[in-house]
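Working through the structure, step by step
One-letter residues, chain by chain:
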Amino acid sequence: MKQMKKPSIIMAGTLITIFALFISLNLSERLFADRQEDARLEKGPLPKDENEKKVLAILEDILENQSFRNVPLHDGRLLRIMTESMHAKNVVEIGTSTGYSGIWFGLALQQTGGKLTTYEIDPERAATAQENFKRAGMSKIITLVLGDAHEKVTELKEPIDILFLDADKSGYVDYLNKLMPLIRPGGLILAHNINPRMADPDYMKAITTNPKLETVVRGGMGITIKKH
Ligand SMILES: C[S@@+](CC[C@H](N)C(=O)[O-])C[C@H]1O[C@@H](n2cnc3c(N)ncnc32)[C@H](O)[C@@H]1O
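Residues numbered from 1 in each chain as written. Predicted model: local features only at pLDDT ≥ 70, side-chain atom pairs only at ≥ 80, totals over all residues.

1. A word on the site of the ligand
What surrounds the ligand is a group of 21 residues, the closest being G95, S97, Y100, S101 and A149. For the shell around the ligand, the secondary structure elements donating two or more residues are α4 (100-112), β2 (115-120) and α6 (149-152). Grouping the constituent residues of the shell around the ligand by class yields seven nonpolar, seven polar and seven charged. (Near = placed C-beta within 6 Å. Helix = DSSP H or I, 4+ residues; strand = E, 2+ residues; numbered from the N terminus. Nonpolar A, V, L, I, M, F, W, Y, C, P; charged D, E, K, R; others polar.)

2. Details of the environment of I194
Among the structural elements, I194 can be located in the loop between β5 (183-191) and α8 (201-208). The buried category is assigned to I194, around which 24 C-beta atoms lie within 10 Å. When the C-alpha positions of I194 and V217 are compared, they lie 7.1 Å apart, and in sequence the two are 23 residues distant. Contact partners of I194, with chain neighbours within four places excluded, come to A199, V217, G220, M221 and G222. (Buried ≥ 20, exposed ≤ 12 C-beta atoms within 10 Å, placed from the backbone. Contact = placed C-beta atoms within 7 Å.)

3. Some remarks on the nonpolar core
Core analysis: the largest hydrophobic core is formed by 46 residues, its most contacted members being I162, L163 and L165. Counting residues per element, this core draws most heavily on α4, which supplies seven residues. Sequence-distant contacts of L165, that is, excluding residues within four places in its chain, are made with I94, Y172, Y175, L190, A191 and H192. (Core = buried A, V, L, I, M, F, W, Y, C linked by C-beta atoms within 7 Å.)

4. Re the pairing of β2
By the criterion of burial, β2 is predominantly enclosed, with five of the six residues buried. Sheet analysis places strand β1 (residues 90-94) next to β2, joined by five bridges and oriented parallel. Across the sheet, V91 pairs through a bridge with L116, a residue of β2. In the classification by handedness, the crossover that spans β1, the intervening α4 and the parallel β2 is right-handed. As defined by bridge partners, β2 adjoins strand β3 (residues 142-146) across five bridges and the pair is classed as parallel. Of the residues in β3, the one forming a bridge with Y119 is V145. (Pairing = 2+ DSSP bridges. Right-handed = clockwise from strand over helix to strand, strands pointing away.)

5. What to know about the sheet that holds β1
In space, the seven strands of this open sheet follow the order β3-β2-β1-β4-β5-β7-β6, with mixed pairing throughout. The open sheet has two edge strands, β3 and β6 (213-218), and neither has a second partner. Averaged over all adjacent pairs, the angle separating strand axes in this sheet is 15°, with direction ignored. In this structure, β5 lies alongside strand β7 (residues 221-226), joined through four bridges in antiparallel fashion. (Axes fitted to C-alpha atoms, helices over the stretch in contact; angles between N-to-C directions.)

6. A look at the pairing of β1
For β1, a buried count of five out of five residues is recorded, marking the element as mostly surrounded by other parts of the structure. Strand direction decides the pairing type here: β1 and strand β4 (residues 160-165), joined by four bridges, are parallel. Bridge pairing in β4 places V92 opposite L163.

Structure follows, in structure tokens:
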């Protein structure tokens with residue numbers, strides 16, 4: 001009898017694994033399809049002047065030749081829109097990679113007179129990003145901090161308008177706890193890769209059960225406001 005049970009347990013385990021895989025693939029496909037649908041309604045980006053033309057060409061070049069887990073174009077544009085529309089002066093980004101999202105922030109900050117502090121743990125990607133900020137003419141408004149952001153962010157002291165989390169997903173709660181006191185009332189906490197497959201349940205709990213915060217998730221981006 002005991003010997004009969006083993007194959008059926010293995011069979012059940014295999015079926016559960018296949019089912020979980022199917023659900024997870026289905027979810028990511030749906031998410032991707034939703035993003036494609038949204039993007040189909042968009043045009044551009046259309047440069048308004050020579051500076052924007054130059055910067056948009058650099059952004060294209062980064063995606064083509066130096067991409068490393070950068071946000072998609074659609075999300076970069078969203079970051080710029082939010083930053084410029086709320087006249088953000090102080091933006092903090094965790095996870096620079098090769099500087100793609102940083103330059104989208106930079107485009108907005110050139111208009112608002114603000115600055116970005118961005119953190120990267122990998123020296124090679126940090127060097128590439130630094131070079132990209134330079135050729136985009138943004139070295140003065142973007143400070144890249146090389147090292148583990150979990151330690152380095154404790155040096156921040158000024159009020160933050162926008163915090164963008166795009167590094168180690170399991171670290172989002174720690175970043176949130178460390179930086180929440182600095183987020184100004186009305187400030188935003190944006191988190192990338194917030195979808196059913198990748199979101200850290202503890203981070204989701206932290207941003208959805210605190211009455212001082214209001215959160216929506218759209219197209220894989222968690223958008224949280226610290227209420228006034
Ligand atoms: C998804 S990529 C960031 C993409 C970037 N925001 C963009 O859109 O261009 C995540 C980056 O976070 C960095 N990272 C991971 N853990 C980190 C940590 N503890 N401190 C600083 N950077 C970290 C990784 O090395 C990686 O380059």
